[in-house]
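Chain residues, written in single-letter form:
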Amino acid sequence: PVVVFLIVAAADGNIDKKELKAFAKTLGNPDFAILTAAMQQSGCSLQELIVDAQSRMTDPVSELTAIAELLNTRFPADAASAYKVALLMLGKAVAEASGGFLGLFGSKIDKDEKAALAVIAHVLGLTGDGNAGSAQATPAPSDDEDPLTAGNLFPAFKPAEWAESAKDAVAMQSVYLNGQVVPNEPVVSYAFDRPETVAFLESSRIGDSCTLEQVHTAAMRNLEDRLAGAVHWEELRFDPGHDSVAEVHGLVLNGDYFAAEALLSEKTMRAAHERMDSAMLMAIAPARGELYVTKLLNEEFNNDDPEQLAGILFAHFALSRFFNPEQAPIAPTIWIVRNGRVVGTVGGMDLVAESARKSAAKREEEEAALLEHKATLANTAGGRELQIAAVAKDLDVLMRNLQHVIRGYVMEVVKAPDFDGNVRVTVEMAASDYNDSMHGDVSQAINEMCAFLTQQFAALQKRGSDGNAITVTGNVARAKAA
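Residues take numbers from 1 onward in each chain, read along the sequence in its written order. Local features in this predicted model are restricted to residues of pLDDT 70 or higher, and side-chain atom pairs are both shown and tallied only at a pLDDT of 80 or more, whereas totals for entire chains, interfaces and linings draw on every residue. Just so you know, side-chain values use all the structure's heavy atoms and leave hydrogens and water out.

What follows concerns the overall build of the chain. Helix numbers and strand numbers start at the N terminus; a helix is a DSSP run of H or I with at least 4 residues, a strand a run of E with at least 2. Tallying secondary structure elements over the chain gives 14 helices and 14 strands in all. Only protein chains enter the area calculation, which uses a 1.4 Å probe; residues under 20% of their type maximum are buried, those over 50% are exposed, and those in between are partly exposed. Within the chain, the fraction of its 482 residues that count as buried is 47%. We call two residues in contact when some of their heavy atoms are within 4.5 Å. Summarising the internal contacts of the chain: among those between residues at least 6 apart in sequence, 70% fall at separations of at least 24. Note on areas: these come from Shrake-Rupley sampling with a 1.4 Å probe, and a residue is covered only by the protein chains present in the view. Roughly 23400 Å² of accessible area belongs to the chain as shown, and the carbon and sulfur atoms make up 49% of that amount.

Next up, the structure:
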């Protein structure tokens, strides 16, 4: 438990009294009785265990890897699995208690904490949903849960490439719910939602006693219960900057990991029909946790009709979310919905999709201009270290993109024969939304990001020359005077 705590909450090596108190309180939860029982056998206090772990461990992820191996070799599979799941649940609870990344993005668990939890899940062998762009689809075992009674089973949209690689392993069907899979279209799979990971229902579980239709009914019941009272259609209005259209109007459903799958809920979609006062809707589920709808007058668009043009502009906006998503992309498909059910797709929208792709690429270029960066290899006594210099012109872009910049440079430089494993990151703050009083918080956030990346590279077994561990350190330069 202490190792998990260090990975999630204390990646920078500093643990204050507030964090320690919160950790002790979390361990008091009955869900973690299996963990506290193991800790009590040591005869040491929590403080002593943490001090001991900090003094002897240079790499908590490697330590966790060794723990996973012990669990795999010394314990029955069910006991090892229960302990691993409890560890991952503990990591999630610790992340929730930390309050989010700088508290800036309104998320109880920030992106870096989620990534840290993903590393823990990977090391423990608790297979998850995978990276947004991954085509790998090996399902985690789900034999311990009955899909017809499990309250954590939900429908899960997956892209066509994933479906192709998983077609012989995972239970799935088309969005039309006819038991078939349509080539080159996303599919509906079924996932057990576990702490910070999901396990897909294997196709071998489908048979006479557990039909696909029964599974879907159970999963939809869980989804509607989950979304009820927590997720609502929100108005989406914006000026598209077009001479013929003053305003674009639609609805968006988000705020939950499975919000996109509400497309399959007749109850939810009928509410959208009523809100938009339209018998026919276009619906787009571009990325995980996002569903957009607006009225559809005809299945074929006419650009000369201002109301239809507004629909095209809405589709353009929603499709751009597919090409530049914050979560895993699902599909650039525009669905036709009648009476709450998906009945087909809108054709002839290739040009709109291509325009949306270009807009997303332009946005990416604009964000790149707000985070200028360069990297050099500098000579040191032990070889050459990677030095990354970044100039941040926007605080949100910095927090969202810096780790990707660092990761990209490191993945290239590991190929250099004399790279000593040291990565030094210097960030100069030139953002208009930054002031000197924020220096401490931003520095702490960058340090935590660097510590997490250090752990991640260790988990990925990326090393410098001579087997040197990759160590990422950061420094934030105060804003220069005008």
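This part covers the pattern of salt bridges. The term salt bridge refers to a pairing of a side-chain nitrogen on Lys or Arg with a carboxyl oxygen on Asp or Glu at a separation within 4 Å. Tallied over the full model, the rule gives 13 salt bridges. With its nearest N and O atoms 2.9 Å apart, the salt bridge here joins arginine 321 to glutamate 290. Residue arginine 321 is located in helix 11 (residues 306–323), and its partner glutamate 290 is located in strand 8 (residues 290–295); the two are separated by 31 residues in the primary sequence. Accessibility classification places arginine 321 together with glutamate 290 in one group, the buried group. The network of salt bridges with shared partners includes Glu235, Arg237, Glu247 and Arg275.

Another aspect to go through is the environment of glycine 421. Tracing the sequence through the fold places glycine 421 in strand 13 (residues 419–429). Between the alpha carbons of glycine 421 and alanine 469 there is a distance of 5.7 Å; along the sequence they are 48 residues apart.

Let's shift gears to the nonpolar core. Across soluble globular proteins, you tend to see nonpolar side chains buried next to one another. For this analysis, a nonpolar core means a set of buried residues of the types Ala, Val, Leu, Ile, Met, Phe, Trp, Tyr and Cys, connected via side-chain atoms within 4.5 Å. Grouped together as the largest cluster of nonpolar side chains are 75 residues, with contacts concentrated most on Leu398 and Met429. Residues in contact with leucine 398, not counting those within four places in the same chain, are Leu371, Ala392, Val427, Met429, Val442 and Ile446. By size, the runner-up hydrophobic cluster in this structure holds 50 residues, among which are Ala163, Val175, Ala272 and Trp335.

Turning next to the packing of helix 1 (residues 2–9) against helix 4 (residues 46–56). For the pair helix 1 and helix 4, interaxial distance at closest approach is 10 Å and the crossing angle is 70°. Accordingly, the angle class assigned to the pair helix 1 and helix 4 is roughly perpendicular. Both helix 1 and helix 4 take part in a crossing whose hand is right-handed. Each of Val2, Phe5 and Leu6 in helix 1 lies in contact with helix 4, whose residues at this interface are Leu46, Leu49, Ile50, Ala53 and Gln54. Along the lines of polarity and charge, the residues of the contact of helix 1 with helix 4 split into 7 nonpolar, 1 polar and no charged. To get an axis, a line is fitted to the C-alpha atoms, and for a helix only the part in contact is used. The angle between two axes follows their N-to-C directions and goes from 0 to 180 degrees. Each angle gets one of four labels, with under 35 degrees taken as roughly parallel, over 145 as roughly antiparallel, 65 to 115 as roughly perpendicular, and the rest as oblique. Note: crossing handedness is left-handed where the near helix turns anticlockwise from the far helix by less than a right angle, and right-handed where it turns clockwise. Only Asp, Glu, Lys and Arg are considered charged, only Ala, Val, Leu, Ile, Met, Phe, Trp, Tyr, Cys and Pro nonpolar, and every remaining residue, Gly among them, polar.

The next subject is the packing of aromatic side chains. Centres within 6.5 Å make a pair out of two Phe, Tyr or Trp rings, where for Trp the six-membered ring is used; the pair is then stacked when the planes are under 30 degrees apart, edge-to-face when over 60, and tilted otherwise. Counted by the stated rule, this structure contains 9 aromatic pairs. Between tryptophan 162 and phenylalanine 200, the ring centres sit 5.0 Å apart and the planes meet at 55°, which makes this aromatic pair tilted. Placement of the pair is tryptophan 162 in helix 8 (residues 160–166) and phenylalanine 200 in strand 4 (residues 197–200), with a sequence separation of 38 residues. The pair formed by tryptophan 162 and phenylalanine 200 is uniform in burial state, with each residue classed as buried.

If you trace the 6 strands from one edge of the open sheet to the other, you get 5-6-8-7-9-10, paired in antiparallel fashion. At either end of the open sheet lies a strand with only one pairing partner, and these are strand 5 (234–238) and strand 10 (341–345). If you compare each strand with its neighbour and ignore which way they point, the axes differ by 35° on average. With 4 bridges joining them, strand 9 (residues 335–338) and strand 10 adopt antiparallel strand pairing. Bridge pairing in strand 10 links isoleucine 336 to glycine 344. Pairing between strands is defined by DSSP: at least two bridges between them are needed.

A word on the packing of helix 1 against helix 5 (residues 60–74). Two numbers describe how helix 1 lies on helix 5: the axes approach to 9 Å, and their chain directions differ by 145°. Where helix 1 crosses over helix 5, the two elements pack in a sense that is left-handed. Contacts between helix 1 and helix 5 pair Val3, Val4, Leu6 and Ile7 from the former with Pro60, Val61, Glu63, Leu64 and Ile67 from the latter.

Taken together, the 4 strands give an open sheet; going across it, the order is 11-12-13-14, and neighbouring strands pair in mixed fashion. Every other strand in the sheet has two partners, leaving strand 11 (371–380) and strand 14 (471–477) as the edge strands with one partner each. Strand-to-strand twist of the sheet, defined as the mean angle between neighbouring strand axes without regard to direction, takes the value 20°. Alignment of strand 11 against strand 12 (residues 383–392), held across 10 bridges, turns out to be antiparallel. In the strand pairing of strand 12, leucine 377 is matched with leucine 386. Packing against the sheet, helix 13 (residues 395–413) makes contact with strand 11, strand 12, strand 13 and strand 14, and its axis sits at approximately 35° to strand 11.

Bringing the side chain of lysine 84 into the picture now. Take lysine 84: it is sitting in helix 6 (residues 77–98). His residues and chain termini do not enter the charge count, which takes Lys and Arg as positive and Asp and Glu as negative. Of the side chains bearing the opposite charge, glutamate 69 lies closest to the buried lysine 84, which forms no salt bridge; the N-O distance is 8.1 Å. With sequence-adjacent residues up to four places away left out, lysine 84 is seen in contact with Ala68, Leu71, Asn72, Leu124 and Leu126.

The next thing to look at is the confidence of the model for the chain. Averaged over every residue, the pLDDT of the chain is 82; the share at 70 or more is 86%. How sure the predictor is of each residue is captured by pLDDT, a score from 0 to 100. In this model residues 99–108 is a low-confidence stretch, pLDDT under 50, and it forms 21 contacts with partners more than four residues away in sequence or in other chains. Ignoring residues within four places in sequence, the model shows residues 128–141, a span with pLDDT below 50, making 33 contacts including any to other chains.

Phi is positive for leucine 177, which is not a glycine, with a value near 60°. Positioned with a positive phi, asparagine 184 is a non-glycine residue whose angle comes to about 65°. Position of asparagine 184 among the secondary structure elements: in the loop between strand 2 (172–174) and strand 3 (187–194).

Right, let's talk about the environment of histidine 373 for a bit. As for its placement among the helices and strands, histidine 373 is situated in strand 11. A C-alpha to C-alpha distance of 8.7 Å links histidine 373 and alanine 392, two positions 19 residues apart in sequence. Other than its neighbours up to four places away in sequence, histidine 373 contacts Ala389, Ala390, Val405 and Tyr409.

Over its 16 residues, helix 9 (residues 212–227) runs 22 Å from end to end, which matches the ideal 22 Å to within 8%, given 1.5 Å per residue. Looking at helix 9, one finds that the buried residues are Leu212, Val215, His216, Ala218, Ala219, Met220, Asn222, Leu223 and Leu227. On its buried face, helix 9 is in contact with strand 1 (153–158), strand 2 and strand 3. The length a helix should cover is 1.5 Å for every residue beyond the first.

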